[in-house]
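Working through the structure, step by step
The primary structure of each chain is shown beneath.
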Amino acid sequence: MKRVLIVATYPIKNPQHGGQKRVDAIVRRYKSEGFDARFVAVFSDLFYDDYSKSDIVVKGLTRERIMSSPFTGDVECGRAIFKDAYVKRRMTELLTSFKPEIIQIEQVFPYIGLKPLLNELQHKPTIISSSHNIEYKMKQEMLEGLEADESFIDNTVKVIRDTETQVTQDAKVVAAVSQTDIKELIDLGAESVVLAPNGIDEIKFDKEEVDLWRKKFGQMDVDKIALFVGSAHPPNWFGFEQMVGKGLGFIPRNERIVFAGSISEYIKNELDKQKLDPGAVTFWQRACAAGRLSQDRLSGLINFADILLLPITEGGGSNLKTAEAVISGKKVVATEYAFRGFEELKKLPNIYIANDPESFREKISEVMSINLIALKGEESGLAKTVLWQNCLNKMFQRIMAVA
Amino acid sequence: MAKLLEQNVPKNNGGCMRRKSPTTWIDMTDLSIWRGHFTGIQRVVYSLAVRFSENSSVSYFMYDQKHQKFYGFDFDNFRTMVESQAHLEADVSASSRAKLIAQELIRRLPSHVRSRITPEVRNRLRGSYLRARAVYVKSRQLIASGRMPPRNEVIFNTEDTVLILGNSWERPKIIDSLWQAKIKSNFKLFQLVYDLIPIYQPQAFNLELFERYCKHIFEVASISDGLMAISESSKRDMQRLCDELHIKNPPIHVIRLGDDIPSTVHVERPVAVRANDRYVLCVGTIEARKNHSLLYYVWKEAHRQGLEMPKLIIVGRVGWYTGDVVHFIQLDPAVRDNIHILENINDRQLAWLYQNCLFTVYPSYYEGWGLPIAESLAFGKLCIASNTSSMPEIAGDLIEYFSPYDSSECLKQVVSFLNSDRLLKKEKEIARSYNPTSWDDTYKQMKKIIG
């Protein structure tokens, strides 16, 4: 049994965000393929409080640096693998005891410290690079958006770009989430790149949960909802604001747009600051915040919804929400951008694309009253390509070939 | 006399009112708290209700916010009471203090109690303070004990038309109730929109009103089959809000409100004004938006330049965000003897003031309509007014304009019309060209819109 160590800068116990879910699916796949697979996270407990004993929580000065610069926490955690005595000791113990033949790097950052550590230990495993985004570009955009110090941005982006280039060139297999990212990774010098788009697990609906939502909305005299699921990641709100806007007057009184996930709180905080904006003060007349939900509760809400909304206009990689929307079997109103990495799926029935605000709003209104179209055999098969078991096939074929 | 109420109380509960379709229903809730004098909006509702009653198949209702139901409103009784009041006020010499108190007590009765008192009885009650007091006390007891039966609930039918002409934002639950009723009957709903000033001039009010008003107008636009704005300016604002909030516009029509001209049959000089005073008149509530501070600066600057100015008489109750300007007017030695604020002026006194002023001035920086401008012209008096929002729509070139943000421009206009030849020429033009709008005209416009 080949031994594989997967390293990330966040834990995957009880995965919440897209990155965690992707890594969790990969680890499970390794195990199901017969690998002796272990996972370790090097992370800060400022952001995560649910993790395994084997995960490494950064402490001391590393933690303090992350507190003062939370948006470069991933870089600090990666650096800590070599520069932080405690983390280095823990990682060294793991590497020397487990002796992984394959090390998979999730999202570049662990390689900042792992590369020099492997050199020091003279350990030469096969490297697999699992890319979720073009990280140096994402970080540059984020830090420029936060108006960080220019020299800080330059230094940080350089470190990430250099690491991303190194891991891309060192890796025997590079997995990318979209065709666009494949091109970028080839430019960075990748020997072999394979498409492994984001996917999801099969969604199971609990009838009781669905009935709960039916009753709750019934009490509000709401018959139909359009659901937007998202985290408190600013681009999620920017996309909605751009494609739908704050003015929800086109939604009838017996319908709502419902927000599930931490985006609910994000929107409330944002709109609270806009007390003289008619759109902001009337927003909740036609919208609801369902808040953060357990997976079962969320699945029930998805099943109750008439439409799933994907007003995505930016962000690297591809979006797990797109995969969830397709596999849900619900009507979907989305931008073209939302289907990056899932281009084939746009032709499925029940998928409605709109790329400007007026069309997007009109589509929501129109699609609310359209009946759901049942998928034929081939269409159903195409929809299932979003399941993790299908999304990771090519990646694992390549890994098996080099392992 | 107090037994009259109990004798006339039916034993059974009030039923539902349904009329033969199609019926036009008019919301009279604003008039259920009538205190003997109409506010501006109450006057609009009443004036149109009278025309509808004389010309159409119409019924009247009021909204009970506590129980979220619609109940019938006896308009005939109410109208009789209003007209009796007018006669009483006209016959000033006959009013004794006791009669006025009796009258006040009758007014304070809830409308569904007043509706049980016939006009004949009401007249008798007015003549006796003791009888009026007894009726008032008894009615309160009956209501408190629950023995006063409920009113007739109103159910709208499919072909009916419902008109909301008043202050519906003060009873926001009416929207929910109308919506629920519309789901069942799908009647046609029209609402009158006065202005969106709390939304687009929020500095004139407080933040709480901005939010409440936005939400209310949002819902009004969402459920109405048609809206009627009182000016093109209000229509533009409504359109702007619908565009901003992506509300699929109900059609927005414009109607012109009737010019409410105080009767000149009996006029009365206010005590504070001398018969030979030369003055410019400004009518309207003293609130920040009405911009009386501009007039303060105009008269102050005139004083500084040594210009001889007529008095400025400001008629209106003191409202909100005006503490500073009233303080300045009342204390500044440069203007305090030349600017007078008169509150509690009745219609007879107002008519006298219009008749005897040089001209009027209206410096408001934003209006839904601007009734005092129309009033001024109806009295044949020039109005010098702001050139913003709805004001230029009232009488076009018959009015002289200035920017409400430019006191020197206003001063220039005021001074130019102290020239009697110029003023006379303008007054002749007004007399020749201005046609007041009657409430009959307003009714006809509205009838055409609602079909």
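The shown structure was predicted, so the numbers you read here are calculated from the model rather than taken from an experiment.

The rules behind each value
- Residues numbered from 1 in each chain as written.
- Chains lettered and ligands numbered in written order.
- Predicted model: local features only at pLDDT ≥ 70, side-chain atom pairs only at ≥ 80, totals over all residues.
- Heavy atoms only, no water.
- Helix = DSSP H or I, 4+ residues; strand = E, 2+ residues; numbered from the N terminus.
- Contact = heavy atoms within 4.5 Å.
- Areas by Shrake-Rupley, 256 points an atom, 1.4 Å probe, with all protein chains shown as cover.
- Buried < 20%, exposed > 50% of the residue type's maximum accessible area, 1.4 Å probe, protein only.
- Pairing = 2+ DSSP bridges.
- Axes fitted to C-alpha atoms, helices over the stretch in contact; angles between N-to-C directions.
- Core = buried A, V, L, I, M, F, W, Y, C linked by side-chain atoms within 4.5 Å.
- Domains from an automatic or database assignment.
- Phe/Tyr/Trp six-rings, centres within 6.5 Å; stacked < 30°, edge-to-face > 60°.
- Lys NZ or Arg CZ within 6 Å of the ring centre and 35° of its normal.
- Buried area = accessible area lost by both parts, 1.4 Å probe.
- Salt bridge = Lys/Arg side-chain N within 4 Å of Asp/Glu carboxyl O.
- Polar contact = N/O pair within 3.5 Å; in protein donor to acceptor, adjacent residues only side chain to side chain.

**Side note on the overall build of chain B**
Helix and strand content of chain B: 19 helices and 15 strands. Intrachain contacts of chain B at a sequence separation of at least 6 include 76% that bridge at least 24 residues. If you sum the accessible surface of chain B, you get close to 20500 Å²; carbon and sulfur atoms cover 49% of it.

**Here we look at unusual backbone geometry**
Residue and element names in this part refer to chain A. The phi dihedral of Lys99 falls on the positive side, at around 50°, and the residue is not glycine. Residue position: Lys99 is located in the loop between α4 (85-98) and β4 (102-106). With phi around 75°, Asn350 is a residue other than glycine that occupies positive phi space. Take Asn350: it is sitting in the loop between β12 (331-334) and β13 (351-353). Owing to a relative accessible area of 5%, Asn350 belongs among the buried residues under this scheme.

**Focus on the sheet that holds strand β10 (residues 287-291) of chain A**
Picture the strands of a sheet paired through backbone hydrogen bonds; they go either parallel or antiparallel. All names here are of chain A. In spatial order, the strands read β10-β9-β8-β11-β12-β13; together these 6 strands make up an open sheet with parallel pairing. Every other strand in the sheet has two partners, leaving β10 and β13 as the edge strands with one partner each. On average, each strand axis in the sheet is tilted by 25° relative to the strand beside it, whichever way the strands run. Pairing analysis gives 2 bridges linking strand β8 (residues 224-229) to strand β11 (residues 307-310), with the strands arranged parallel. In the strand pairing of β11, Leu227 is matched with Leu308. The sheet contacts of helix α11 (residues 263-272) involve β8, β9 (255-260) and β10, and relative to β9 the element is tilted by about 110°.

**Focus: the sheet that holds strand β1 (residues 3-8) of chain A**
Residue and element names in this part refer to chain A. Here 7 strands make up an open sheet; going across it, the order is β3-β2-β1-β4-β5-β6-β7 and the pairing parallel. Each edge of the open sheet carries a strand with a single partner, namely β3 (56-57) and β7 (193-195). Looking at chain direction, strand β2 (residues 36-43) and β3 are connected through 2 bridges and run parallel. Bridge pairing in β3 places Val42 opposite Ile56. Its contacts with the sheet place helix α8 (residues 179-187) against β6 (173-176) and β7, and it is angled at close to 175° to β7.

**Observations regarding the pairing of β11(A)**
Residues and elements named next belong to chain A. On β11, burial covers both faces: Ile307 and Leu309 on one face and Leu308 and Leu310 on the other are all buried. Where β11 lies against β12, 4 bridges are found, and the strand directions are parallel. The residue bridging Ile307 from the neighbouring strand is Lys331, located in β12.

**Here we look at the nonpolar core**
Residues and elements named next belong to chain B. Counting 113 residues, the largest nonpolar core has Phe156, Leu178 and Trp299 as the members making the most contacts within it. No fewer than three residues from each of domain 1 (3-145) and domain 2 (279-433) sit in this core. With residues near it in sequence (within four places) discarded, Trp299 still touches Val280, Met309, Pro310, Lys311, Leu312, Val335, Asn338, Ile339 and Val414.

**Regarding the packing of aromatic side chains**
Within this structure, the stated rule accounts for 34 aromatic pairs over all chains. Ring geometry for Phe70(B) versus Phe156(B): centroids 5.1 Å apart, planes at 55°, classification tilted. With Phe70(B) in strand β4 (residues 69-72) and Phe156(B) in the loop between β5 (153-154) and β6 (161-164), the pair connects residues that are 86 residues apart, well separated along the chain. Neither residue differs from the other here; Phe70(B) and Phe156(B) are each classed as buried. Site record: aromatic cluster; members linked through ring pairs are Phe228(A), Trp237(A), Phe240(A), Phe259(A), Phe283(A) and Trp284(A). The side chain of Arg340(A) reaches across the aromatic face of Tyr337(A), ending 4.2 Å from its centre. The ring of Phe187(B) carries the charged tip of Lys182(B) above its face, separated from the ring centre by 5.9 Å.

**A short note on the interface of chain B and chain A**
Taken together, the 21 residues of chain B in the interface contact 19 residues of chain A. Approximately 1700 Å² of surface area, both sides summed, lies buried where chain B meets chain A, with 62% of it carried by carbon and sulfur atoms. If you look at where chain B meets chain A, you find 3 salt bridges. Between Arg286(A) and Glu219(B) there is a salt bridge, and its shortest N-O distance comes to 2.9 Å.

**Description of the domain arrangement of chain A**
Residue and element names in this part refer to chain A. Domain boundaries assigned for chain A yield domain 1 (3-199 + 389-402) and domain 2 (207-386). Each of domain 1 and domain 2 has a C-alpha centre, and these two points are 31 Å apart. Every contact between the two is made by 13 residues of domain 1 and, on the other side, 14 residues of domain 2. Each partner contributes to the roughly 1100 Å² buried at the junction of domain 1 and domain 2, and carbon and sulfur atoms together form 51% of this total. Together, Lys21, Asn198 and Asn390 form the three largest contributors to the area buried by domain 1 at its contact with domain 2, with a combined 36%. Counting across the interface, domain 1 meets domain 2 through 1 salt bridge. The partner of Glu324 in a salt bridge is Lys21, with the nearest N and O atoms 3.7 Å apart. Taken together, the connections running from domain 1 to domain 2 amount to 1 residue pair in polar contact (both at pLDDT 80 or more).

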